[in-house]
Structure formats: structure tokens, C-alpha cells
Amino acid sequence: MNAFISRTLGLSLALVVCLIPLYAHHGTEFLSKAVEMNTAEIDLAEMAIAKTHNPKIKEFAQMVLRDHTEALNQAKELLTARQAGGNIAKAQLSAEHKRTAERLGKMSPDEFDRAFMDTMVSNHKNGVRTFEAQTHVHGNASAKSQTSNTTTRQKPSSTATNTTDQKYSREDLSMDVDTVEFAKAALPTMKHHLQEAITIQKEMVRKN
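All of these numbers come straight from a predicted model, not from anything done at the bench.

(A) Region of interest: the nonpolar core. Leu 44, Phe 60, Leu 104, Phe 112, Phe 116, Met 117 and Met 120 are the most contacted members of the largest nonpolar core, which has 23 residues in total. Elements supplying a minimum of two residues to this core: helix H1 (2-51), helix H2 (55-82), helix H3 (95-105), helix H4 (109-134) and helix H6 (177-207). Per element, the largest residue contribution to this core is 6 residues, and it comes from H4. Residues within four places of Leu 104 in sequence aside, it is in contact with Leu 44, Met 47, Lys 51, Phe 112, Ala 115, Phe 116 and Thr 119. Within the second largest apolar cluster, 19 residues are counted, among which are Ala 34, Leu 78, Ala 91 and Phe 131.

This is the structure in C-alpha cells:
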């Protein structure tokens, strides 16, 4: 009987030990994706600033550049902490992001404006879905510290919490508390970008 109990406890402990890395791996995958997504947005924003002659699009691209650079730095810091201080290499863009950048890069300024805004709407819709999904990972709908859901008409970058000021325990990491907080903090800014992109996109359609 004692031997059976010992074996049962041993298996239970082994299961717990195995689950922690699995949960942490999920959060690491999300952060790696966040780094790649933010890098792609930064590259496109820099391209737009250089190519467009439309003041509204240039202003939008400057906002995207600023806010996604901040989000990229936060994602990298969280990823570095998960990798025991290892350096994070420059993100490798997905094949889809590379094709988009190459296609937009070959366009004239007039062609570019419409395609860039269409891409911004699509990318930010995908980004919002990805980050919203992360806020519910492992059933963790509410993070350890509540993030303000201040909405979009305020300065977007001010809504983000500096996640690197916080220390996360192994238990926190096992439940992806760090990535949940990061995702919740980033969402208001991403939704603001999406709404602004949709507004500019509609204005361009009305002018044609």
C-alpha cells in the first residue's frame, strides 16, 4: 500500500514538473510571435514614412513606429527574462510578412498608400485576435495586477504597463501571468491603431 502511494505521489509530482515547462513554452511562443509581429509593423511603418505623401498616413505611421517599438522592447525584455538572460536575436520575419514588405516596397507612393492602409487594418485585426486569445490562456482571464482599460482617445502608448518592473515567480510563469499582463496592456493601443487605420481607409475610399 505504501509503495502504491509512493508511486502515485511520484507520478503526480512528475506530471506537475512536466506541465510547468509546457505552460512556459506556450508563453515563450507567444512572446516570440509578438516580437516578430511588432518587428514587421515597425518595418512597414518606416517604409510608409519614407514613401507616402499623405500627411495623415505619415502621422499614422509615426504613431505605429513609436508604439510598436515600445511593445517590441517590452516583449523582448519578457522573452529575455524567460530565457535566463540570453540575448534575443533580431526577429526573423515570416514568409508572409516578407512577401508583403517586398510587394509594398515596389509600389509607387499613390499605390502604396491604399495597400499600406489595407495591410494595417488586416495586420491589426490579426494582432488584436492573437493578443486577446493570450489574455485567456490557461483560463487566466485576469492577470495578477489589473491593467487599466483606458480607451483609445487618450495617448495610446500611455496605456501600456511597464511589465519589466515586475518580478514573476515560477508559479506566475507557469500560468503565463507575465504574458497575460503584457497582452492586456497592449490591447488598447492595438485597438486604437486598428480604429485609426479603418478611419483612414474609409476616407481613402470616399475620395475615389
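And the narrative resumes.
(B) A look at H6. In this model H6 runs 46 Å from its N-terminal to its C-terminal C-alpha over 31 residues, within 8% of the 45 Å that 1.5 Å per residue would give. Along H6, the largest kink reaches about 35° and is centred on Leu 187; proline Pro 188 follows within four residues of it. Burial analysis of H6 places 22 of its 31 residues in the buried class, which makes it a mostly covered element.

Conventions we followed
- Residues numbered from 1 in each chain as written.
- Predicted model: local features only at pLDDT ≥ 70, side-chain atom pairs only at ≥ 80, totals over all residues.
- Heavy atoms only, no water.
- Core = buried A, V, L, I, M, F, W, Y, C linked by side-chain atoms within 4.5 Å.
- Buried < 20%, exposed > 50% of the residue type's maximum accessible area, 1.4 Å probe, protein only.
- Helix = DSSP H or I, 4+ residues; strand = E, 2+ residues; numbered from the N terminus.
- Contact = heavy atoms within 4.5 Å.
- Expected span 1.5 Å × (residues − 1).
- Bend = angle between axes of the 7 residues up to and from the residue.

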